[in-house]
Amino acid sequence: MTIELSPIDRAKFVAARRAADFVEDGMRVGLGTGSTAAWLVRCLGEMVRDHGLRIKGVPTSARTAELARDMGINVISLDEARWLDLTIDGADEFDDELNLIKGGGGALLQEKIVATASDQMIVIADAAKEVEHLGAFPLPCEVIPFGWRTTQALIEETLVAMDVMGRASSLRMNGDKPYITDEGNYIVDLHLNRIGNARQLAMVLNQMPGVVENGLFIDICDVVVIGHSDGRVELRDINEGTATEEKIDFAETDNLFSDLGD
Ligand SMILES: O=C(CO)[C@H](O)[C@H](O)COP(=O)(O)O
């Protein structure tokens, strides 16, 4: 039986399926968070189950840990792994230098720690995530709950002083309560519209007391795999300076859909 996927899920799936080919036997792999990364975890689970792939997976959230265990992946902590061969994760935006906004799913802190502790980071995304300038997607900023209003005000004042466009920010909510990250923190989303100097902003934000981490991933991503709903995948490697295109045959991946629906 084949589960009918929406065009966006087909795009996410083919990106994940192609990126899974980068995973080799014996690797320690960082497992991202979000709907695209969930496809990756399912693909790796199938490779473990049906093709005997032996990997150790380091999840970037409780959600991903649960899914990875359900898929039969050997899950270990980052402290056990210490260093990773590869991390594969989704993104909310990427630009032509493969700088990213991440954290739409609230897992930016663990995601950045895990990606930074990896020899290589591969981002998997549908084509809508590609932007000329980062910032249309609200930039997540993880802050500790203590004095969060003061931290938010400090962030806003700093953005005004830096003449960053937008300037509004909002506390991320889960119903009528603040959204709580896996680390017990809050997220303040910065509505910037367009980020002029992402490198500078990332550094400035992280210097503020109360800010734990921000969702700008600068010089961390090595490769982006962009999926399209017709099965095409584009691979861009920032280090090699290459851009190639391939096509995934959905017929060969039918077994993945048979028992792995959401
Ligand atoms: O950064 C993330 C979670 O913190 C996700 O990778 C990002 O939000 C993309 O999610 P999706 O694949 O569901 O579009």
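Described below are features of the structure shown in this document. Remember, it's a predicted structure, so these values are computed and weren't measured experimentally.

## As for the nonpolar core
In step 1: Among the nonpolar cores identified, the biggest contains 35 residues, and Val-23, Leu-31, Leu-40, Leu-44, Ile-88, Ile-124 and Val-225 are the most heavily contacted of them.
In step 2: Of all the elements in the fold, those that place two or more residues in this core are α1 (7–20), β1 (28–31), α2 (35–51), α3 (62–70), β4 (86–89), β7 (121–126), β15 (223–227) and β16 (232–237).
In step 3: Ranked by residue count, the leading element in this core is α2, at 7 residues.
In step 4: Here Val-23 is in contact with Val-29, Leu-44, Met-47, Leu-53, Ile-55, Leu-86 and Ile-88, once residues within four sequence places are set aside.
In step 5: Of all hydrophobic cores here, the second largest spans 24 residues; its members include Leu-139, Leu-159, Leu-171 and Leu-216.

## Points about the site of the ligand
In step 1: Around the ligand, the structure places 17 residues, and the nearest of them are Ser-35, Thr-36, Asp-92, Gly-103 and Lys-129.
In step 2: Take Lys-102: an N or O atom from its side chain is 2.8 Å from an oxygen atom of the ligand.
In step 3: In the complex, the protein chains occlude 90% of the 380 Å² of accessible area that the ligand would expose alone.
In step 4: Classifying every residue of the shell around the ligand gives 2 nonpolar, 9 polar and 6 charged.

## Re α2
In step 1: With 17 residues, α2 extends 24 Å between its outermost C-alpha atoms, agreeing within 8% with the 24 Å of an ideal straight helix rising 1.5 Å per residue.
In step 2: Regarding α2, the residues found buried are Thr-36, Ala-37, Ala-38, Trp-39, Leu-40, Val-41, Arg-42, Cys-43, Leu-44, Gly-45, Glu-46 and Met-47.
In step 3: At the exit of α2 stands Gly-52, carrying a positive phi of roughly 70°.

## Looking at the pairing of β15
In step 1: Within β15, 5 of the 5 residues are buried, leaving the element largely enclosed by the surrounding structure.
In step 2: Across the two faces of β15 the burial is the same, with Val-223, Val-225 and Gly-227 and Val-224 and Ile-226 all buried.
In step 3: Where β7 meets β15, 5 bridges bridge the pair, whose relative direction is parallel. What sits directly across from Ile-124, in β15, is Val-225.
In step 4: Pairing of β15 with β16 involves 5 bridges; the strand directions are antiparallel. Each bridged residue has a counterpart across the sheet, and for Gly-227 the counterpart in β16 is Val-233.
In step 5: The antiparallel pairing of β15 with β16 creates a hairpin that spans 4 residues between the two strands, and Gly-231 there sits at a positive phi of about 100°.

## Concerning the side chain of Lys-129
In step 1: Looking at the element boundaries, Lys-129 is found in the loop between β7 and β8 (139–143).
In step 2: The exposure class of Lys-129 is buried, given its relative accessible area of 17%.

## Here's the deal with unusual backbone geometry
In terms of backbone geometry, most residues other than glycine have negative phi values and most peptide bonds are trans.
In step 1: Unlike most non-glycine residues, Arg-82 shows phi in positive territory, near 65°.
In step 2: Here Arg-82 shows up in the loop between α4 (78–81) and β4.
In step 3: Look at Arg-82 and you get exposed, because its relative accessible area is 66%.
In step 4: The backbone of Leu-98 sits at a positive phi, close to 60°, despite the residue not being glycine.
In step 5: Along the chain, the position of Leu-98 falls in the loop between β5 (93–94) and β6 (100–101).

Conventions and cut-offs
- Residues numbered from 1 in each chain as written.
- Predicted model: local features only at pLDDT ≥ 70, side-chain atom pairs only at ≥ 80, totals over all residues.
- Heavy atoms only, no water.
- Core = buried A, V, L, I, M, F, W, Y, C linked by side-chain atoms within 4.5 Å.
- Buried < 20%, exposed > 50% of the residue type's maximum accessible area, 1.4 Å probe, protein only.
- Helix = DSSP H or I, 4+ residues; strand = E, 2+ residues; numbered from the N terminus.
- Contact = heavy atoms within 4.5 Å.
- Near = heavy atom within 4 Å.
- Polar contact = N/O pair within 3.5 Å; in protein donor to acceptor, adjacent residues only side chain to side chain.
- Areas by Shrake-Rupley, 256 points an atom, 1.4 Å probe, with all protein chains shown as cover.
- Nonpolar A, V, L, I, M, F, W, Y, C, P; charged D, E, K, R; others polar.
- Expected span 1.5 Å × (residues − 1).
- Pairing = 2+ DSSP bridges.

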